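What follows is each chain in one-letter form.
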Amino acid sequence: MSEQVTGELQKLSSIATDMGLIPKLRTQAIESIGDVGTHEALLALLDLAANEKLNVNERDLALKQARNVLKKSR
């Protein structure tokens, strides 16, 4: 995977976990990670789902996005 995509995933993950941002931006970051659809994106989504600092809805969204990545890879 290119370093650019990995860097983008790291930026999106940091946005998704930044509790200083409004929930809409964090949600959009989670959805964007899901849109990447790579194995690294799947791991990032699972990491977000396990993050107890996020609210329940954001963690659930991360799981749903991870599930969609898995479906796409079949």
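Residues numbered from 1 in each chain as written. Predicted model: local features only at pLDDT ≥ 70, side-chain atom pairs only at ≥ 80, totals over all residues. Heavy atoms only, no water.

Our focus in this paragraph is helix α2 (residues 23–36). Taking 1.5 Å per residue, 14 residues should reach 20 Å; α2 reaches 20 Å between its end C-alpha atoms and fits that length. All of the buried residues in α2 are R26, A29, I30, I33 and G34. Within α2, the buried residues cover an arc of 140° as seen down the axis, which keeps them to one side. Within α2, the exposed residues directed more than 90 degrees away from the buried face are K24 and D35. The inward-facing, buried residues of α2 contact α1 (3–17), α3 (39–50) and α4 (56–72). (Helix = DSSP H or I, 4+ residues; strand = E, 2+ residues; numbered from the N terminus. Expected span 1.5 Å × (residues − 1). Buried < 20%, exposed > 50% of the residue type's maximum accessible area, 1.4 Å probe, protein only. Arc of directions from axis to C-beta. Contact = heavy atoms within 4.5 Å.)

On to the pattern of salt bridges. One pass over the full model with this rule turns up 3 salt bridges. A salt bridge links K11 to E8, with the shortest nitrogen-to-oxygen separation between them at 3.7 Å. Linking K11 with E8, this pair stays in helix α1, spanning 3 residues, or about one helical turn. Exposure remark for E8: the relative accessible area of 37% places this residue in the partly exposed category. Residue R26 pairs with E58 through a salt bridge whose shortest N-O separation is 2.8 Å. With R26 in helix α2 and E58 in helix α4, this residue pair connects regions lying 32 residues apart in the sequence. Residues R26 and E58 agree in their burial class; the two are buried. (Salt bridge = Lys/Arg side-chain N within 4 Å of Asp/Glu carboxyl O.)

Shape is all these values report; function is a separate question.
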